[in-house]
Amino acid sequence: MIENLSSPLVSPAGARVRPVQDAFHGDLLEVSMGPHHPSTHGVFRMMVTLDGEAIVRLKPVFGYLHRNHEKLGENTTYLGSMPYTDRLDYLNSMTNNWAYALAVEKLIGQPVPERAEYVRVILAELTRLQNHTCLAGFLMQDCGCSGTPLMYAFRERERILDLFESLSGSRMMCNYQRFGGCRVDPGPEWLDAVRGLVEGYGAFLDEYEALLTGNEIVMARTQGVGRLKPDLAVSAGITGPMLRAAGVPYDIRKVDGYGIYPRFSFRVPLGDHGDTYDRYMIRVLEARESISILRQALKDIPAGPIIDPKSRLRGLRPKAGEAYGRIEGPKGEIGFYLISDGGPNPHRYRVRAPSFVNLTLLEDLCLGHTVADAVVILGSIDIVLGEVDR
Amino acid sequence: MESPEQIRERILAGFPGAEVTVAANPSPSDQRSLVVGAANGREIARFLRDDEVLKLDYCSNVTGVDWPEKEIIEAVRVELPDPSGGPPKIVEKKVKRVQPGCLEAVYHLYSMARGIGPVILRMRTANRGDRVTLPSLTPIWRSCEFQEREVFDLFGIVFEGHPDLRRILMWDELKDHPMRKDYVAPDDFEWEPTPHDAVLARAARHFQDPTPAEAPRSGAKEGAP
Amino acid sequence: MLGTGILKGLAVTAKNLAGSFHDPGRFVTTQYPEQRSVLPENYRNFPFLVAEDDKDPMGTLRCVACQICEKECPPQCIYIEKSRDKKPDAAGKMQLYPAVFDIDISVCMSCQICVEVCPFDAIKMDQEFEIATDNRFRPLLRDREQLARSNRYFQQVHPTEAAEVDARLAAARRAAEEKAAAKAPPPARQEVQTKPATERPDPPAGGIKTEA
C-alpha cells in the first residue's frame, strides 16, 4: 500500500523527520511486518512505512493474543485467577504469581512468613536469570545468529526449569504463590540443587559474554541503534532494564523495598547511551547481580512455615476497597490493581503489563533506522505477547 | 510523602473552585485516591507533574472501571401526623433510589525523581451512555498513550486531546466495548462434550439433530432447558 | 586487531561443539522415545480419582461428591452429579458418591487447585502425558471410569505424598474407631452371661485381646 503523505511528518515525540513532497508521493512503501513473523516475539504486527530502507512511520498492531484475561478475572475467585497469571508473561510465571499475591496481600492485609519471603526472592531471581540470558539469546537471533547463543541460554534455562518442576510440579505454569506464602515447602535437597546451579552459572555467563560482548558484529549491529533519552523514557512510563539502560536509576526492588529485598546488598547497573547494546549489557550485568542476591538468600534462608497458618484457601471475601501491588519483574514493573466489592470475585482486575507500556516508544526508537534495525530494537525491548495483549 | 488530603489542599490553593475530593479506601491497603473533576483534570495533572515536592513524572498505570447503576434501598424515618391530634408517629419507610452509573479512569502516579508514590488520580464521566468524555493526560505523561487507547477500546471512554485515539486490542470494526459489565458475548458456538446444562441448551439451539458420535451422553439430561 | 571478538566467540562455539561429544553438560538432547527423562515426583499433568481397591474402583472411590473441586476449578472443567443413595466409605461411614464425574481435559489447565481444596484426598494429579488422540472432542472428555486409579497407583507415582496421605487417613480412621468403641458399651460382657457355654466359639489361642 502506498501512502499519500503531503504534510511534514512529525512523530509523537516531536522529533522532526524530513518532509515528504507531493512529487514523490509514490515513493513510500508500507510493509506489514507480522503477525506471522519469526522475529516479532509472538503474534505482533508492525505497520512500517518505508522510504527506501529508512523507516518514516511505524505503527504497532497487537491484540492477536487477547484472551480477555481481565474479564475472566472478574468472573473467577481470587485464588482461581492465580493460574491465569502464569499465562500472562509465560516465560516468568513465578514473578507474575508474586505480583498478584502481593496485590491481594495488600488488599487483605495478609502477612507473609519469613521463609516464604526468602523462597519468593530465590524464585524471582532465578526467573530473572533465565529471562535475561534467554533475552540475550533472542536478541542475537534477531541479529541473525540463527540460534546458537539462544540454545546455550536455553540449555541453562532447562536446568532452572527442572528446579521449578521439582518444586511446583510444572516447568512454566507454576501456580506456586499463595496469599500468605508459597504452596510447597522446598526441602533441603532442592535448596542444595539451587546452590549447585548458582555456583555454576557464573562460569556460564563468562562463556556467554566471551561469545557475545566483544563480538564486532554484535557491536556493529547494536551500538547506536535505538537510542533512548532518559526524560523521554520516564515520561513514557518505561521500566525495567530498558529504563536503566537509558541511565535512570529506578529499580522497584530498591525504591519500594517490597518483600525482604532491603536485606540484600546488590548493585543496580545503569547504561550511558540507552542504545540496544546498553540494553543487552544491562541484562547481563543484572544477571550477575541476581547471582549475588541468590547466594545471599541461600545462605540466610531460615526454617519456618512456608505459608501463614491463618491464611485460607477457599472463601476469600476481601473487604470492599482497592489495592495496587507492583514488583520489579524481569521485563519491568508488573503490577496488579484490584478493586473489591466485598464479594468472592473482584469488581475490577487489572494487569499493568511492562511489555505493553514499553512498546509506547517503539516508533520513536525506530524512526530513521532500517528495517533490520527495527527487528533488533524490538528484540531489545523484550516483549512477551502474553502480557502485551493479556 | 504527603497524604492525599494535604495534596488536595495544595491543589485547591492552586485551582480554586476545582472539584477535588479524597475517596476513602476501607481495605487494609489504605491507598486513598483523589477524585478530580473532568474540567480541570489536565491542569491539575500538569501541576502534579511539575510540582517541586511531588514531581510525579511517571504515570505507571491507567485503568478503566465500569460502575453500573446501583439500586440502593434505604430505610428512612418519616413523621406521620396523627389525625386524632396526638404526637406524630415515626414510621420507617423503605425508599428506593438509583445511584447513576459512570465510567471511571484511574491513574497511578509515581515519582522517579523523588522515589515516592503512588498518588492515585480518578476522573469520572457524567454517565455511561452518551456523555463519556474525559480529558486525555497523554500530553502530560506519554505512558498514557497506549493505556488510554486500551481504556477507550474496552470501556468506551473518549479521551479528548489524545493524539491517536483508536482501538488497540480489539479489531477496528467492533462496535461494542467488551469490559463493560453489560457486555453480552456473541453466541459463536463450538460443540463441547462437557454436559453442563447451559452448554447443552446452547447445543440444542445450534444442532437440530446431533450425529450419534456427538450425541449427548447417557449421564447428561436430554433436552435440558 | 579487528576481529578478536569474533575469534573468541568462535573458540566458545568450538568448545561447545567438541564438548558435546563427551560432556553430558553440553550434549543435552534426550533421544525420545528411546530414552526418557526421569520426571520429578511433583510433576503434575491431569487429575485422577483415587480408589481404595483396584478390584472394585467404582465402589471404593474416596470422592463423596461434595462438589468443592467443581466450584473452585478456574476453567470449570469438572462436572459432577451426586448419587441418590449412600455407600459406606473406607471408615464405614455412609457417604454419597459421584454418579457422574467428568473432567474435560481439553479445558483443564493442570493448575492443581482441585487437589488442594479436596477435603477427602479423593482427587490427585496424574503424571501421564502420552495421551494424544485424533479427535478433540469425545476422547478428551474423561468420565468416572477413565479417571479412577487405585491407591496403589497413587503410591507408585507420588510415593512421598501417598505415604503422608495414607498415614493421615489411617490416623483419622483409628481415632474414629476409638471414639466409637469408647461410646458403645462392649457387647461381649452381656453375651457371656446369657448364652450357654457350649454355643460359644472357641476363644483364639493366646486369649481374647481387648483394646486398651
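Just so it is clear, the structure is predicted and the values come from calculations on it, not from any experiment. (Residues numbered from 1 in each chain as written. Chains lettered and ligands numbered in written order. Predicted model: local features only at pLDDT ≥ 70, side-chain atom pairs only at ≥ 80, totals over all residues. Heavy atoms only, no water.)

**Q** Just checking my understanding: could you explain the overall build of chain B for this structure?
**A** Of the regular secondary structure elements, chain B holds four helices and nine strands. The secondary structure elements of chain B, listed N-terminal to C-terminal, are α-β-β-α-β-β-β-β-β-β-α-β-α. Per-residue burial over chain B gives 46% buried out of 225 residues. Accessible surface for chain B amounts to roughly 11,700 Å². Of this, 53% is attributable to carbon and sulfur atoms. (Helix = DSSP H or I, 4+ residues; strand = E, 2+ residues; numbered from the N terminus. Buried < 20%, exposed > 50% of the residue type's maximum accessible area, 1.4 Å probe, protein only. Areas by Shrake-Rupley, 256 points an atom, 1.4 Å probe, with all protein chains shown as cover.)

**Q** Help me out: how do you make sense of the interface of chain A and chain B in this one?
**A** Often, the extent of an interface is quoted as the loss of accessible area upon association of its parts. In this assembly, 48 residues from chain A lie in contact with 46 residues from chain B. Here chain A is connected to chain B by five salt bridges. One salt bridge connects B:E150 with A:R390, and the closest N-O pair in it is separated by 2.8 Å. For the pair chain A and chain B, the number of links is 27 residue pairs in polar contact (both at pLDDT 80 or more). When residues in the side of chain A that touches chain B are grouped by element, the largest group, five residues, is from strand β6 (residues 321–329) of chain A. (Contact = heavy atoms within 4.5 Å. Salt bridge = Lys/Arg side-chain N within 4 Å of Asp/Glu carboxyl O. Polar contact = N/O pair within 3.5 Å; in protein donor to acceptor, adjacent residues only side chain to side chain.)

**Q** Which parts of the structure should I look at to understand the side chain of A:R244?
**A** Tracing the chain through its elements places A:R244 in helix α9 (residues 241–245). Excluding anything up to four places from it in sequence, A:R244 contacts A:Y250, A:D251, A:V268, A:P269, A:L270, A:G271, A:I282, A:E286 and A:E328.

**Q** Sorry, what's going on with the pairing of β6(A) here?
**A** For a regular strand, the rule is simple: side chains alternate between the two faces of the sheet. Residues and elements named next belong to chain A. Where burial is concerned, most of β6 is hidden: nine out of the nine residues are buried. Residues G321, A323, G325, I327 and G329 point to one face of β6 and E322, Y324, R326 and E328 to the other, with burial holding for every one of them. Hairpin connection from β6 to strand β7 (residues 332–340): two residues lie between these consecutive antiparallel strands. (Pairing = 2+ DSSP bridges.)

**Q** Hey, could you run me through the nonpolar core in this one?
**A** It is characteristic of soluble globular proteins that their nonpolar side chains tend to be buried jointly. Of all hydrophobic cores here, the largest spans 168 residues; its most connected members are A:F62, A:I122, A:L126, A:L362 and B:Y107. Considering each element in turn, this core owes the most residues, 14 residues, to helix α4 (residues 114–145) of chain A. For A:L362, the contacting residues outside a window of four places in its chain are A:F44, A:M46, A:L58, A:P60, A:I377, A:L378 and A:I381. Counting 25 residues, the second largest nonpolar core, distinct from the first, contains C:F46, C:M58, C:I78 and C:I80. (Core = buried A, V, L, I, M, F, W, Y, C linked by side-chain atoms within 4.5 Å.)

**Q** Just checking my understanding: could you explain the sheet that holds strand β8 (residues 348–352) of chain A for this structure?
**A** In any sheet, the strands associate via hydrogen bonds between backbone groups, in a parallel or an antiparallel arrangement. All names here are of chain A. The sheet built from three strands is open, its strands ordered β6-β7-β8 with antiparallel pairing. Two strands in the sheet have a free side with no partner beyond their single neighbour: β6 and β8. On average, each strand axis in the sheet is tilted by 10° relative to the strand beside it, whichever way the strands run. Looking at chain direction, β6 and β7 are connected through nine bridges and run antiparallel. Residue Y324 lies in a different strand from β7, and its bridge partner there is Y337. Strands β6, β7 and β8 of the sheet are contacted by helix α3 (residues 93–108), whose axis makes an angle of about 150° with β6. (Axes fitted to C-alpha atoms, helices over the stretch in contact; angles between N-to-C directions.)

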